[in-house]
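Geometric and topological summary
Residues per chain are reported as follows:
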Amino acid sequence: MPGRGTARSWEVRQMRDREKDTLQEIRYVKLISVGGIDPNAPFSEQTGETQAALLNRCLNSHPRGVIIGRDVSLGRYRIGEHELVMEKVTYHVGFPRKPPWEDAE
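Bear in mind that the values here come from a model prediction, so they are computed numbers and not experimental data.

1. Regarding the overall build of the protein chain
Secondary structure summary: the protein chain contains three helices and three strands in total. N-terminal to C-terminal, the α/β element order of the protein chain is α-β-α-β-β-α. Within the protein chain, residue pairs in contact and separated by at least 24 positions form 68% of the contacts whose partners lie at least 6 positions apart. Carbon together with sulfur atoms contributes 51% to the accessible area of the protein chain, which is approximately 8,000 Å² in total.

2. Re unusual backbone geometry
Following His62, the chain continues to Pro63 via a peptide bond in cis, the omega torsion being -10 degrees. Examined against the element boundaries, Pro63 turns out to sit in the loop between helix 2 (45-60) and strand 2 (66-79).

3. Regarding the pattern of salt bridges
It is possible for side chains bearing opposite charge to pair when their charged atoms get close. All told, the structure shown has four salt bridges when counted by the stated rule. The closest approach of N and O atoms between Glu83 and Arg76, which form a salt bridge, is 2.8 Å. Between Asp103 and Lys98 there is a salt bridge, with the nearest N and O atoms lying 3.1 Å from each other. Since its relative accessible area comes to 58%, Asp103 is described here as exposed.

4. Some remarks on the pairing of strand 2
Bridge analysis of strand 2 against strand 3 (residues 82-95) gives 13 bridges, and the strand direction is antiparallel. Bridged to Arg76 within strand 3 is Val85. Turn length for the strand 2-strand 3 hairpin, with the two strands adjacent in sequence and antiparallel, is two residues, and the turn residue Gly80 shows positive phi of about 65 degrees.

5. Regarding the sheet that holds strand 1 (residues 28-35)
The sheet built from three strands is open, its strands ordered 1-3-2 with antiparallel pairing. At either end of the open sheet lies a strand with only one pairing partner, and these are strand 1 and strand 2. With strand direction ignored, the average angle separating the axes of adjacent strands in the sheet is 20 degrees. Sheet topology note: the strand 1/strand 3 ladder contains eight bridges and is antiparallel. In the sheet register, Leu31 faces strand 3, and the bridge partner there is His92.

6. Brief notes about the nonpolar core
By size, the foremost hydrophobic cluster in this structure holds eight residues: Ile32, Leu55, Cys58, Val89, Tyr91, Val93, Phe95 and Trp101. Counting residues per element, the ones that place at least two in this core are helix 2 and strand 3. The biggest single contributor to this core is strand 3, with four residues. With sequence-adjacent residues up to four places away left out, Leu55 is seen in contact with Ile32, Tyr91 and Val93.

7. Side note on the environment of Thr50
One can find Thr50 in helix 2. When its relative accessible area of 52% is taken as the criterion, Thr50 is described as exposed. Expressed as a C-alpha distance, the spacing of Thr50 and Val34, which sit 16 residues apart in the sequence, is 9.0 Å.

Parameters at a glance
Residues numbered from 1 in each chain as written. Predicted model: local features only at pLDDT ≥ 70, side-chain atom pairs only at ≥ 80, totals over all residues. Heavy atoms only, no water. Helix = DSSP H or I, 4+ residues; strand = E, 2+ residues; numbered from the N terminus. Contact = heavy atoms within 4.5 Å. Areas by Shrake-Rupley, 256 points an atom, 1.4 Å probe, with all protein chains shown as cover. Salt bridge = Lys/Arg side-chain N within 4 Å of Asp/Glu carboxyl O. Buried < 20%, exposed > 50% of the residue type's maximum accessible area, 1.4 Å probe, protein only. Pairing = 2+ DSSP bridges. Axes fitted to C-alpha atoms, helices over the stretch in contact; angles between N-to-C directions. Core = buried A, V, L, I, M, F, W, Y, C linked by side-chain atoms within 4.5 Å.

This is the structure in structure tokens:
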């Protein structure tokens, strides 16, 4: 079935073209951090929920954002005999224009 591989290749090319179009349309990038690596500022569950809610709002509300990058920071701390590992993930969310709800915050 030689035609089947060709159709699949066409689908992959179409997906790549759509991704390029999406990246070319990005004019505004918002950085959203989830987590924390500062041992002096304890990370609460409420803070994590607030950060996750903001990320979800960026990805689901109008204009819909796209994750274009991600940075992961780790912090390792030794407290007595215990070792504490903390993580912060910063998402780069791209938009075709600045969301109107961004100014309201």
